[in-house]
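Notes for the structure review
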Amino acid sequence: MCGIVGYIGSKQAEPFLMEGLSKLEYRGYDSAGIAVFNGEKIVVEKSVGRLNALREKIKGHIPQGNIGIGHTRWATHGCPSDVNSHPHVDCHGEFAVVHNGIIENYLELRKELMARGHHFASETDTEVVAHLLEECYQGDFAVAVRAVLKRIRGSYALVFLAKAHPDMLICTKKDNPLVIGIGQGENFIASDIPAIINHSKESYILNDGEMAIVRADGVEFYQTVSGEKFDKEIFTINWSAEAAEKNGYEHFMLKEIHEQPKAIRDTLSGRLDITNNRVVLNELNWSLTDLQNFHRIFIVACGTAYHAGLVGKYYIEKLARIPVEVDIASEFRYRQPIVDEHTLVIVVSQSGETSDTLAALKEMNRLGATTLAITNVVSSSIAREAQKVIYTMAGPEIAVASTKAYTTQLIVVLLLALYLAGLKQTIEPTEMEKILCHLRDLPEKIDMLFAQTETIEKLASHFKDKNDAFFIGRSLDYAVALEGSLKLKEISYIHAEAYAAGELKHGTLALIVPGTPVIALATQRHIHEKTISNIKEVKARQADVLAIVPRDNTSIEQVVDHVFYIPETVDLLAPILTVIPLQLFAYYMAVARGCDVDKPRNLAKSVTVE
Ligand code: AGP
């Protein structure tokens with residue numbers, strides 16, 4: 001996600017633009033830019049790096065003018081660079097645009113526009129919007145914007161500035177937020193409330209399919225499709241500035257847990273071709289021959305990313321029938337793994353900067369392996385070191401405890417497994433179709449889970465004074481149990497361990513005494529009865545058991561003390577649903593124990609040391 005601002009009024013635009021962007025840096029911070037109309041032309045200043053780099057760049061020649069737009073970028077298409085930063089302009093500098101979101105059909109539009117003589121300066125999806133506006137403009141700014149919206153597909157929040165119309169900004173949105181702050185003789189546009197909260201508490205919240213013409217003395221609203229004018233109610237902001245950065249959530253972690261439906265939609269965007277029953281990964285473009293060159297696959301990562309790798313192993317082996325080994329990066333690089341040109345090494349890293357993972361990747365490149373990175377940060381060190389990259393589209397993850405990065409990593413490793421299986425034809429078309437349809441429906445099923453938050457809060461209150469906890473499961477549930485255990489221990493400081501459910505009786509069962517918390521995951525139908533037997537083992541020792549099971553499994557209520565149901569899905573996708581209550585459980589346990597949820601003791605968001 002990115003940060004967007006716009007200003008029109010009686011004052012100079014630049015001060016609000018820069019201050020507003022500074023309030024939005026948590027949304028995107030790899031590059032920034034502003035565009036201001038100075039009475040003669042649209043002056044564009046932009047710079048790679050944090051906002052301070054832009055501030056330094058314009059020092060001494062700050063663009064003057066009382067109308068402008070600005071942007072802080074979280075790169076999705078095109079590496080962070082001066083030229084890829086927003087705002088983007090058309091061929092003649094008549095229009096400038098800032099964008100938050102993904103233009104799914106930008107490649108075809110770019111080809112069309114280039115064929116008609118347009119020159120592109122950047123690699124971004126956004127720049128096609130500026131050139132489309134140039135083509136569609138025939139004197140009426142709003143009509144031209146509506147024509148552009150008919151051509152683009154994807155998600156967007158857009159703010160447009162036109163040299164020929166210096167008395168207005170036009171903004172519109174689909175799937176990404178935009179808010180308009182109402183001032184006296186001035187108005188403010190932003191992708192989020194923190195940017196405007198110090199200037200106005202009165203605002204308009206734009207909805208999908210709406211566009212606004214924002215002038216210094218007022219705002220007009222139109223339906224983007226019909227062009228029909230309408231009035232909007234004013235929304236009074238009653239948040240503190242600090243609460244606003246978290247979109248009203250108490251912690252970034254809770255905000256990011258709730259961002260997962262959108263993060264998953266964005267990560268799936270352009271990659272699910274349900275019509276043709278296939279997965280599209282243009283980043284790879286492997287042939288069957290390329291694939292036959294891989295005799296084995298390693299997945300290498302740390303922490304939560306390692307847990308995503310364990311799920312990826314299961315997916316790739318089950319669907320594509322290629323052997324996969326999963327390794328902790330700090331171990332892998334020192335155990336002299338058997339690697340050659342027939343090895344594919346996949347590294348997984350949210351930050352793309354984890355030292356152990358980066359070092360392992362460099363070693364694999366040196367040994368001649370094919371390397372593929374799955375990361376959330378465009379142009380990160382790991383993204384640049386790997387031969388191929390597939391990005392998760394989770395947006396910035398601020399909380400130390402990884403949540404939306406993990407679920408989007410699971411989405412990408414599943415897409416990769418399906419892509420490989422499709423190439424090798426190791427999956428029945430009916431199976432592929434079923435999985436793709438359930439994948440598409442995942443975000444709304446996660447929203448259904450959020451409706452049960454109160455249940456999780458009560459469970460956290462019940463268990464909060466415990467000092468030990470065990471997470472158990474089999475197969476995919478065991479991989480998710482490891483992640484649930486890490487979440488709990490890293491933010492609530494409770495000593496939590498995850499065990500393969502079948503392994504307990506080989507020693508750990510000795511630790512189970514009356515009241516010991518056991519979180520049992522039992523979502524995998526093919527081994528459900530075995531897991532139930534293991535749950536009965538701990539119940540026989542009077543453990544206090546919370547089971548997480550599919551909705552249709554009510555018989556479990558006779559066996560355990562607490563049950564949390566997840567919506568119906570295929571077993572393969574259960575991990576992406578099961579982890580949500582585990583994330584929430586860890587969060588509410590940490591809150592109940594008064595821990596620093598977003599910045600837990602001893603930990604850092606990105607571990608750039610060995
Ligand atoms: C996850 O909640 C932890 N913060 C930590 O284990 C993290 O997953 C690990 O350090 C790897 O980070 P990366 O994904 O940025 O490489």
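This report concerns the structure included in the present document. Predicted model only: the values in this text are computed from it and were never measured. (Residues numbered from 1 in each chain as written. Predicted model: local features only at pLDDT ≥ 70, side-chain atom pairs only at ≥ 80, totals over all residues. Heavy atoms only, no water.)

1. Quick notes on the overall build of the protein chain
Under the convention used in this document: Only runs of H or I of at least four residues qualify as helices and only runs of E of at least two qualify as strands under DSSP, and these elements are numbered from the N terminus. Partly exposed describes any residue whose relative accessible area lies between the buried limit of under 20% and the exposed limit of over 50%, with all areas from a 1.4 Å probe on protein chains only and scaled to the type maximum. Residue contacts follow a heavy-atom distance rule, with two residues in contact if any of their heavy atoms lie within 4.5 Å. Here the open area of atoms and residues is found with the Shrake-Rupley method and a 1.4 Å probe, where only the protein chains shown may cover a residue. By the counting rule applied here, Lys and Arg register as positive and Asp and Glu as negative, while His and the ends of each chain are not counted. Taken as the charge centre is NZ of Lys, CZ of Arg, CG of Asp or CD of Glu, depending on the residue.
Helix and strand counts for the protein chain come out as 19 helices and 27 strands. The burial tally for the protein chain puts 61% of its 610 residues in the buried class. In the protein chain, 71% of the contacts between residues at least 6 apart in sequence involve partners at least 24 apart. Taken as a whole, the protein chain presents about 23,200 Å² of accessible surface, with 49% of it coming from carbon and sulfur. Here the protein chain contributes 62 positive and 77 negative side-chain charges, whose respective centroids are spaced 2 Å apart.

2. Things to note about the site of the ligand
Condition: Working definition: residue near molecule or strand if any one of its non-hydrogen atoms lies within 4 Å of it. For the purposes of these results, a polar contact is taken to be a pair of N or O atoms within 3.5 Å, where, inside protein, one atom must be able to donate a hydrogen and its partner to accept one; residues adjacent in sequence count only when each atom of the pair is a side-chain atom. Charged residues are taken to be Asp, Glu, Lys and Arg, nonpolar residues to be Ala, Val, Leu, Ile, Met, Phe, Trp, Tyr, Cys and Pro, and polar residues to be all remaining types, Gly included.
Taken together, 15 residues lie near the ligand, and S349, Q350, S351, T354 and E490 sit nearest. In this structure, Q350 approaches the ligand through a main-chain N or O atom, which is 2.7 Å from an oxygen atom. E490 places a side-chain nitrogen or oxygen 2.5 Å from an oxygen atom of the ligand. Summarising the interface, the protein chains cover 91% of the accessible area of the ligand, which totals 410 Å² for the free molecule. For the shell around the ligand, the elements supplying multiple residues, two or more each, are α10 (303-320) and α17 (476-492). Residues of the shell around the ligand, tallied by class, amount to six nonpolar, seven polar and two charged.

3. Topic: the pattern of salt bridges
Selection criterion: Note on definitions: salt bridges are taken to be side-chain nitrogens of Lys or Arg within 4 Å of carboxyl oxygens of Asp or Glu.
On inspection of all chains with the given rule, the structure shows 36 salt bridges. A salt bridge links D571 to R525, with the shortest nitrogen-to-oxygen separation between them at 2.4 Å. With a gap of 46 residues between them, D571 in the loop between β27 (562-566) and α19 (574-592) and R525 in the loop between β25 (517-521) and α18 (528-539) connect regions that are remote in the sequence. Residue D571 is classed as buried on the basis of its relative accessible area of 19%. Connected via shared salt-bridge partners are E112, R116, E135 and R151.

4. A look at α17
The following threshold applies: To estimate the expected span of a helix, count its residues, drop one, and scale the result by 1.5 Å.
Given a rise of 1.5 Å per residue, 17 residues ought to cover 24 Å, and the 24 Å separating the end C-alpha atoms of α17 matches this to within 8%. At the exit of α17 stands Y493, carrying a positive phi of roughly 65 degrees.

5. Considerations on the nonpolar core
Basically, it comes down to this: Only buried residues count toward a nonpolar core, which is a set of Ala, Val, Leu, Ile, Met, Phe, Trp, Tyr and Cys residues joined through side-chain atoms within 4.5 Å.
Core analysis: the largest hydrophobic core is formed by 121 residues, its most contacted members being I316, I346, L418, L420 and L439. Excluding residues within four positions of it along the chain, L439 makes contact with L268, L272, I411, L414, L415, L418 and L573. Among the nonpolar cores identified, the runner-up in size contains 28 residues, and L109, F120, V145 and M211 belong to it.

6. So, the sheet that holds strand β9 (residues 179-182)
We apply this condition: Two strands qualify as a pair provided that DSSP identifies no fewer than 2 bridges between them. Note on geometry: axes are lines fitted to C-alpha atoms, helical ones only across the stretch in contact, with angles between N-to-C directions running from 0 to 180 degrees.
Reading across from one edge, β3-β2-β4-β1-β10-β9-β11-β15 is the order of the eight strands in this open sheet, with antiparallel pairing throughout. Looking at strand neighbours, the two that pair on one side only are β3 (42-48) and β15 (235-236), the edges of this open sheet. Packing of helix α1 (residues 13-23) onto the sheet brings it into contact with β1 (3-9), β2 (31-37), β4 (67-73) and β10 (186-190), and relative to β1 it is tilted by some 155 degrees. In the packing of helix α2 (residues 51-58) onto the sheet, contacts are made with β2 and β3, and the angle to β3 comes to roughly 135 degrees.

7. Quick notes on the sheet that holds strand β14 (residues 229-230)
Here we have seven strands laid out as an open sheet, ordered β5-β6-β7-β8-β12-β13-β14, and antiparallel in their pairing. Strands at the two margins of the open sheet, each flanked by one partner only, are β5 (88-89) and β14. Examined bridge by bridge, strand β12 (residues 210-215) and strand β13 (residues 218-223) share six bridges and lie antiparallel to one another. Note on β13: the bridge partner recorded for A212 is F221. Lying on the sheet, helix α5 (residues 141-151) is in contact with β7 (154-162), β8 (169-174), β12 and β13; it crosses β7 at an angle near 155 degrees.

8. Things to note about unusual backbone geometry
Here the amide bond leading from H86 into P87 is cis, since omega sits at 5 degrees, within 30 degrees of zero. Within the fold, P87 resides in the loop between β4 and β5. Of note, the phi angle at N247 is positive, near 55 degrees, even though the residue is not glycine. Within the secondary structure layout, N247 lies in the loop between α6 (241-245) and α7 (252-258). Residue Q336 is not a glycine yet carries a positive backbone phi of 50 degrees.

9. Structural notes on the packing of aromatic side chains
Where we set the bar: Centre distance within 6.5 Å is the pairing criterion for rings of Phe, Tyr and Trp, where only the six-membered ring of Trp is used; planes under 30 degrees apart are then read as stacked, over 60 as edge-to-face, and the remainder as tilted. Any Lys NZ or Arg CZ found within 6 Å of a ring centre and within 35 degrees of that ring's normal is scored as a charge over the ring.
Inspection of every chain in the model, using the stated rule, returns 12 aromatic pairs. Judged by centre distance (4.9 Å) and plane angle (80 degrees), the rings of Y587 and Y588 are edge-to-face. We note that Y587, like Y588, is buried. Taken together, Y7, F16 and F188 form an aromatic cluster joined through their ring pairs. Positioned above the aromatic ring of Y493 is the side chain of R601, whose terminal nitrogen or guanidinium carbon lies 3.7 Å from the ring centre.

10. With respect to the environment of V389
Relative to the helices and strands, V389 resides in strand β22 (residues 388-391). For the pair formed by V389 and K46, sequence separation is 343 residues and the distance between their alpha carbons is 26 Å. The contact partners of V389, leaving out residues within four places of it in the chain, are E283, L372, A373, T375 and A383.

11. Comments concerning the environment of S351
Its place among the elements puts S351 in the loop between β20 (343-349) and α12 (355-366). Judged by relative accessible area, which is 10%, S351 ranks as buried. Setting aside anything within four residues of it in sequence, one finds S351 in contact with T375, V377, S380 and S606. At a separation of 3.1 Å, a polar atom in the side chain of S351 contacts the main-chain amide nitrogen of E353. Among the polar contacts made by the side chain of S351, one reaches the side chain of T354 at a distance of 3.5 Å.

12. A short note on the pairing of β3
Counted residue by residue, β3 has five buried out of seven residues, so it is predominantly covered. Relative to β3, β2 runs antiparallel, the two sharing seven bridges. Residue pairing for β3: F37 is matched across the bridge by I42. Connecting the antiparallel pair β2 and β3 is a turn made up of four residues, with G39 showing a positive phi of about 100 degrees.

13. Some details on the side chain of D192
For D192, the location among the structural elements is in the loop between β10 and β11 (202-205). We classify D192 as buried; its relative accessible area is 7%. Setting aside residues no more than four positions away along its own chain, D192 makes contact with L24, Y26, R27, V179, A244 and N247.

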